[in-house]
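# Working through the structure, step by step
This is what each chain is made of:
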Amino acid sequence: MSKRKSNKRKGIFRSGLRIGMLVSVFSAIALYLMIWLGYNFTPKEALSLSALMAGFIFLITYAVTYFYSYKRFKTIEQLFKNIARKRFMDHEGATSSRHDEIDYLVKQGIKSSRTIEREIQRLNRIENYRKEFIGDISHELKTPIFAIQGFIETLLNGALEDEEVNRDFLKKAMRNVNRLIYLTKDLMEISKLETGELKSEIEEIYLYEVLNDIIESLTYKAERENIQLIVNEFDRNIQVKADKNQVKQVLINLIENGIKYNIPKGKVEVTVFTKPKEKERIFVSVKDTGIGIDEKDIPRVTERFFRVDKSRSRERGGTGLGLAIVKHIMEAHGEKLSIESEPNKGSKFTISLRKAENVQVL
């Protein structure tokens, strides 16, 4: 170990040694010619004097080079050693005020070190995300598959002939099949959004028409769950720039969540409004009177497969991907999703949409 260190030190000293030797050799030649020809010294005397002066020049050059460059060479060596070992330290103050080529190399080394550190951190996050995703998807697929397997095995073992239970088991198996279909559909959707395969076709759309279609399609579900669905009055002529199908999907996901995670005789309220400081945008909020979300869980609710109430979500056929899809669609539009919630006090989800400039009257 000590031998390796000494070799590295010798490597750093050699640079000063080479510079000193080059300067002293050229100085000795110049001094020899100048003393011999200019001051009428004999060749032997000129050689001795120039050699002596070259020795002094060598020592001075070597000392200056060592003082001027040694620490910075050590910094460069340490930088590349740390990069090779994937160890990244703070190198603040490593550069000097000399602004020469060595200083440039030090700066580039520090910059490269930080870039590699960020890239390794990013790759580690991706790897952890991949592992979590594989674990989550395995669990999500395993649950309905095993349930279907259990129901079919029970039917094959004799329950098929029992008219009291056979239809019930078939309905339960079909419910799990539907859950697999919804899960596969949502996974394909989110995959296309993440890879950019699913492009947003931005057009000017009437927000009233979109909301009216959604409310009509979800009214039956809300009534079945004993939930009151309310849309506050707003200007029917409001137009926004967005992909109509994607915005419809966002609002369906938000309103369905409001119905799914609500309390009996609760309500879901949809409000369209503007903000004085953001006149170029329209905001749509979906507020429910449901179970709410813990403050610590709010940043995670848009993650894949994250559920506030796991058992309730699975009972209602939730895939855990609805809010993740909402987040990706809003990001694709360059817009935001904001969440306000308290446990047992309901939740409020708000999206922003860019207002169309040329508004036409319906």
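Going along each chain's sequence as written, the residues are numbered from 1 onward. Predicted model: local features are reported for residues with pLDDT of at least 70 only, side-chain atom pairs are reported and counted for 80 or more only, and whole-chain, interface and lining totals are derived from all residues. Neither water nor hydrogens contribute to the side-chain values; these are computed over all heavy atoms in the structure.

The convention used is that axes are lines fitted to C-alpha atoms, helices contributing only their stretch in contact, and that angles between N-to-C directions extend from 0 to 180 degrees. A helix here means a DSSP run of H or I that spans at least four residues, while a strand means a run of E at least two residues long, and both kinds are numbered starting from the N terminus. Where helix α5 (residues 207-224) meets helix α6 (residues 244-260), the axes come as close as 10 Å, and the angle between the chain directions of the two elements is 35°. For the element pair α5 and α6, the recorded crossing hand is right-handed. Contact residues: Glu209, Val210, Leu211, Asp213, Ile214, Ile215, Leu218, Lys221 and Ala222 in α5; Lys244, Val247, Lys248, Leu251, Ile252, Ile255, Glu256 and Ile259 in α6. Charged means Asp, Glu, Lys or Arg here, nonpolar means Ala, Val, Leu, Ile, Met, Phe, Trp, Tyr, Cys or Pro, and polar covers whatever is left, Gly included. Partitioning the contact of α5 with α6 into residue classes produces 11 nonpolar, no polar and six charged. Crossings are sorted by hand: turned counterclockwise from the far helix by less than a right angle, the near helix makes the crossing left-handed, and turned clockwise it makes it right-handed. Contact criterion: two residues are considered in contact whenever any of their non-hydrogen atoms come within 4.5 Å of each other.

Attention now goes to the pattern of salt bridges. The salt bridge definition used is simple: a Lys or Arg side-chain nitrogen within 4 Å of an Asp or Glu carboxyl oxygen. Under the definition given, this model contains nine salt bridges. One salt bridge connects Asp168 with Lys172, and the closest N-O pair in it is separated by 3.6 Å. With Asp168 and Lys172 both in helix α4 (residues 166-195) and four residues apart, the pair spans about one turn of that helix. Categorising residues by exposure relies on relative accessible area from a 1.4 Å probe, with only protein chains included: less than 20% of the type maximum marks a residue as buried, more than 50% marks it as exposed, and the intermediate range marks it as partly exposed. The class of Asp168 is partly exposed, set by a relative accessible area of 36%. A salt bridge links Lys221 to Glu256; the nearest nitrogen and oxygen atoms lie 2.8 Å apart. Separated by 35 residues along the polypeptide, Lys221 in helix α5 and Glu256 in helix α6 bring together distant segments of the chain. Note on Lys221: relative accessible area 28%, which makes it partly exposed. Take Glu256: its relative accessible area is 23%, and that puts it in the partly exposed class. Each of the salt bridges in this network shares a partner with another, and the network as a whole consists of Glu280, Arg281 and Glu335.

Any two strands between which DSSP finds at least two bridges are classified as paired. Pairing geometry for strand β3 (residues 239-242) and strand β7 (residues 347-355), over two bridges, is antiparallel. Opposite Val240, over in β7, you have Lys355 as the bridge partner. Note that strand β5 (residues 278-288) and β7 share seven bridges and pair antiparallel. Paired with Val286 across the bridge in β7 is Phe349. Two strands pair when backbone bridges link them, and strand β6 (residues 337-341) and β7 are joined in this way by five bridges, in the antiparallel orientation. Note on β7: the bridge partner recorded for Leu337 is Ile351.

Aromatic pairing here means that ring centres of Phe, Tyr or Trp (its six-membered ring) are within 6.5 Å. Orientation follows from the plane angle: under 30 degrees is stacked, over 60 is edge-to-face, and everything else is tilted. Under the defined criterion, the tally for this structure stands at three aromatic pairs. Here the aromatic rings of Tyr208 and Phe234 are separated by 6.1 Å at their centres, their planes lie at 55°, and the arrangement is tilted. On the criterion of sequence distance, the pair formed by Tyr208 in helix α5 and Phe234 in the loop between β2 (228-231) and β3 is long-range, its members being 26 residues apart. Judged by relative accessible area, Tyr208 falls into the partly exposed class, the value being 23%. Classification of Phe234 by relative accessible area gives buried; the value is 12%. Between Phe273 and Phe283, the aromatic rings sit 5.6 Å apart at their centres with planes inclined by 20°, giving stacked as the arrangement. Linking Phe273 in strand β4 (residues 267-275) with Phe283 in strand β5, this pair joins segments that are 10 residues apart in sequence. Exposure remark for Phe273: the relative accessible area of 25% places this residue in the partly exposed category.

So, on to the nonpolar core. Throughout, nonpolar core names a set of buried Ala, Val, Leu, Ile, Met, Phe, Trp, Tyr and Cys residues whose side chains join them through atoms within 4.5 Å. Ranked by internal contacts, the top residues of the largest apolar core, which has 47 residues, are Leu207, Ile255 and Leu353. Counting only elements with at least two residues in this core, the list comes to α4, α5, β3, α6, β4, β5, α8 (322-332) and β7. Considering every element that reaches this core, the biggest residue donor is α5, with seven residues. When sequence neighbours within four positions are dropped, the list of residues in contact with Ile255 reads Ile214, Ile215, Leu218, Leu229, Val268, Val270 and Val286. Counting residues in hydrophobic clusters, the runner-up holds five residues, among them Leu155, Ala159, Phe169 and Ala173.

Attention shifts here to α8. Two residues of an α-helix separated by three or four positions point the same way, owing to the 3.6 residues in each turn. Among the 11 residues in α8, eight count as buried, and that is most of the element. Of the residues making up α8, those classed as buried are Gly322, Leu323, Ala324, Ile325, Val326, His328, Ile329 and Met330. In the stretch just after α8, Gly334 is the one whose phi turns positive, near 75°.

Below, the discussion takes up the packing of α6 against α8. Two elements in contact, α6 and α8, have axes whose closest approach is 9 Å; the angle formed by their N-to-C orientations is 145°. Crossing handedness for the pair α6 and α8: left-handed. Across from Gln246, Gln249, Val250, Asn253, Leu254 and Asn257 in α6, the residues of α8 making contact are Gly322, Leu323, Ile325, Val326, Ile329 and Met330. In the contact of α6 with α8, the residues fall into seven nonpolar, five polar and no charged.

Glancing now at the confidence of the model for the protein chain. Summary of the metric used: pLDDT quantifies the predictor's per-residue confidence within the range 0 to 100. Chain-level pLDDT for the protein chain is 80 on average; 85% of the residues reach the 70-or-more range. Within the model, pLDDT remains below 50 along residues 1-12, and this stretch shows six contacts once partners closer than five positions in the same chain are excluded.

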